[in-house]
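# Inside the fold
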Amino acid sequence: MKFFIDTANLAQIKEAHEMGVLDGVTTNPSLMAKEGITGHDNIINHYKAICEITDGDVSAEVIATTYDEIVAEGLALAKLHERIVVKVPMIKDGIKAIKYFTSKGIKTNCTLVFSAGQALLAAKAGATYVSPFVGRLDDVSTDGIQLIEDIRLIFDNYGYETQILAASVRHPMHIIQCAKIGSDVITGPLSAIAALLKHPLTDTGLAQFLADYQKGANKA
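In this report, we go over the structure that sits alongside the text. (Residues numbered from 1 in each chain as written. Predicted model: local features only at pLDDT ≥ 70, side-chain atom pairs only at ≥ 80, totals over all residues. Heavy atoms only, no water.)

### As for the layout of surface pockets
Estimated volume of the largest pocket: approximately 510 Å³. In terms of lining, the largest pocket is formed by 29 residues, of which the most central are Asp6, Asn28, Leu31, Arg136 and Ser168. Elements that contribute at least two residues to the lining of the largest pocket include exactly helix H2 (29-34), strand E5 (108-113), strand E8 (185-188) and helix H10 (190-194). Residue classes in the lining of the largest pocket are distributed as nine nonpolar, 13 polar and seven charged. Along the walls of the second largest pocket sit Pro29, Met32, His40, Ile43, Ile44, Tyr47, Glu61, Ile63, Glu73, Ala76 and Leu77, which together make up its complete lining. Those elements giving two or more residues to the lining of the second largest pocket turn out to be H2, helix H3 (40-53) and helix H4 (67-78). Among the elements that make up the lining of the second largest pocket, the one with the highest residue count is H3 (four residues). A breakdown of the residues in the lining of the second largest pocket according to their chemical character gives eight nonpolar, one polar and two charged. (1 Å grid on protein atoms, 1.4 Å probe; cavity = no way out; pocket = protein on both sides within 12 Å on 5 of 7 lines; lining within 4 Å. Points joined across faces, edges and corners; volume = space filled by probe spheres on them. Helix = DSSP H or I, 4+ residues; strand = E, 2+ residues; numbered from the N terminus. Nonpolar A, V, L, I, M, F, W, Y, C, P; charged D, E, K, R; others polar.)

This is the structure we're talking about:
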């Protein structure tokens with residue numbers, strides 16, 4: 001399973017990359033704004049900076065919501081760097097645009113997916129990735145992990161190559177559950193990925209090993 005980090009924070013992207021587990025980056029206008037990145041030129045330059053850090057795909061989201069504008073904006077984003085994946089919303093014109101981008105060999109990520117039917121449409125249009133939002137579904141008392149399982153079943157039934165990118169992943173159990181079900185990718189904050197490192201028995205075991213070593217060193 002691939003690990004993407006969902007942020008526009010360059011320091012966190014670098015930290016995840018240096019950890020050796022980063023496979024790509026997803027971001028969106030909200031995450032850009034959170035880092036104080038506003039204005040077209042600044043956002044474009046920030047995407048370029050992200051692409052220089054990671055070796056994997058970088059999802060860059062279009063703001064447009066009509067077919068012609070999505071295509072124009074997506075083509076411009078795709079030209080920024082070979083690692084750019086055009087992130088398109090799950091709307092009718094978005095699906096049409098994904099079909100167009102696919103015909104041109106441009107990678108796409110269909111975002112804001114909340115149902116298996118939406119994921120199926122994105123796959124049929126040829127999306128590289130489909131992004132069901134696990135955490136946001138949990139927020140409204142709907143099982144986000146079950147949606148991942150449903151999409152996995154449908155894609156496997158028909159051999160769709162579209163990768164399931166579990167988005168809005170918020171904690172380590174989301175990651176483990178997605179891995180068990182067979183999600184191709186997860187994207188979430190660095191804190192959720194780093195939390196996989198933690199276990200109290202690891203901490204106490206390491207403390208004991210170091211204490212025993214020090215006893216031996218003192219005797220020597």
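Picking up after the structure, the text goes on.
### Thoughts on a negative patch on the surface
Taken together, the side chains of Asp138, Asp143, Glu149 and Asp150 make up a negatively charged region of the molecular surface. For aspartate 143, the position within the fold is in the loop between helix H7 (134-139) and helix H8 (144-158). Its relative accessible area of 45% is what places aspartate 143 among the partly exposed residues. (Patch = residues over 30% accessible without salt bridge, like charges linked within 9 Å, V, L, I, M, F, W, Y side chains within 5 Å. Areas by Shrake-Rupley, 256 points an atom, 1.4 Å probe, with all protein chains shown as cover. Salt bridge = Lys/Arg side-chain N within 4 Å of Asp/Glu carboxyl O. Lys, Arg positive; Asp, Glu negative; His and termini not counted. Charge placed at Lys NZ, Arg CZ, Asp CG, Glu CD. Buried < 20%, exposed > 50% of the residue type's maximum accessible area, 1.4 Å probe, protein only.)

### Some words on helix H9 (residues 172-181)
Because each turn of an α-helix spans 3.6 residues, side chains separated by three or four positions in sequence point in the same direction. For H9, every residue scored as buried is listed here: His174, Ile175 and Cys178. One face of H9 carries all of its buried residues, which in axial projection span an arc of 100°. Those residues of H9 that are buried are in contact with strand E1 (2-6), H7, H8, strand E7 (163-166), E8 and H10. With its phi angle positive at about 110°, glycine 182 sits one or two positions after the end of H9. (Arc of directions from axis to C-beta. Contact = heavy atoms within 4.5 Å.)

### Remarks on the packing of H4 against helix H5 (residues 92-103)
What describes two packed helices is the angle between their axes and the distance between those same axes. Two numbers describe how H4 lies on H5: the axes approach to 9 Å, and their chain directions differ by 45°. It follows from the interaxial angle that H4 and H5 lie oblique. Relative to H5, the crossing made by H4 is right-handed. Residues Tyr67, Ile70, Val71, Gly74 and Leu75 of H4 form the contact with H5, whose own contacting residues are Asp93, Gly94, Lys96, Ala97, Tyr100 and Phe101. Tallied by class, residues from the contact of H4 with H5 come to seven nonpolar, two polar and two charged. (Axes fitted to C-alpha atoms, helices over the stretch in contact; angles between N-to-C directions. Parallel < 35°, antiparallel > 145°, perpendicular 65-115°, else oblique. Left-handed = near helix turned anticlockwise from the far one by under 90°.)

### Some details on the sheet that holds E5
Taken in spatial order, the eight strands of this closed barrel run E1-E2-E3-E4-E5-E6-E7-E8, and their pairing is parallel. The average undirected angle you get between the axes of adjacent strands in this sheet is 30°. In terms of strand pairing, E5 meets strand E6 (residues 129-132) through three bridges, oriented parallel. Of the residues in E6, the one forming a bridge with asparagine 109 is tyrosine 129. Here H3 sits on the sheet and contacts strand E2 (24-26), strand E3 (57-61) and strand E4 (84-89); the angle it forms with E3, its principal contact strand, is near 165°. (Pairing = 2+ DSSP bridges.)

### Let's talk about the environment of glycine 188
Within the secondary structure layout, glycine 188 lies in strand E8. Separated by 22 residues in the primary sequence, glycine 188 and alanine 166 have C-alpha atoms spaced 8.6 Å apart. In this view, glycine 188 contacts Phe4, Ile5, Asp6, Val169 and Ile193; residues no more than four positions away in its chain are not counted.

### Looking at the packing of aromatic side chains
Each aromatic ring pair is summarised here by two numbers: the centre-to-centre distance and the angle between the ring planes. One pass over the structure, following the stated rule, counts five aromatic pairs. An angle of 70° between the planes, with centres 5.8 Å apart, marks the rings of phenylalanine 4 and tyrosine 129 as edge-to-face. Taken together, the positions of phenylalanine 4 in strand E1 and tyrosine 129 in strand E6 put the pair 125 residues apart, joining distant regions of the chain. In terms of burial, phenylalanine 4 and tyrosine 129 fall into one category: buried. An aromatic cluster is defined as three or more aromatic residues linked by ring pairs; in this entry it consists of Phe155, Tyr158 and Tyr160. (Phe/Tyr/Trp six-rings, centres within 6.5 Å; stacked < 30°, edge-to-face > 60°.)

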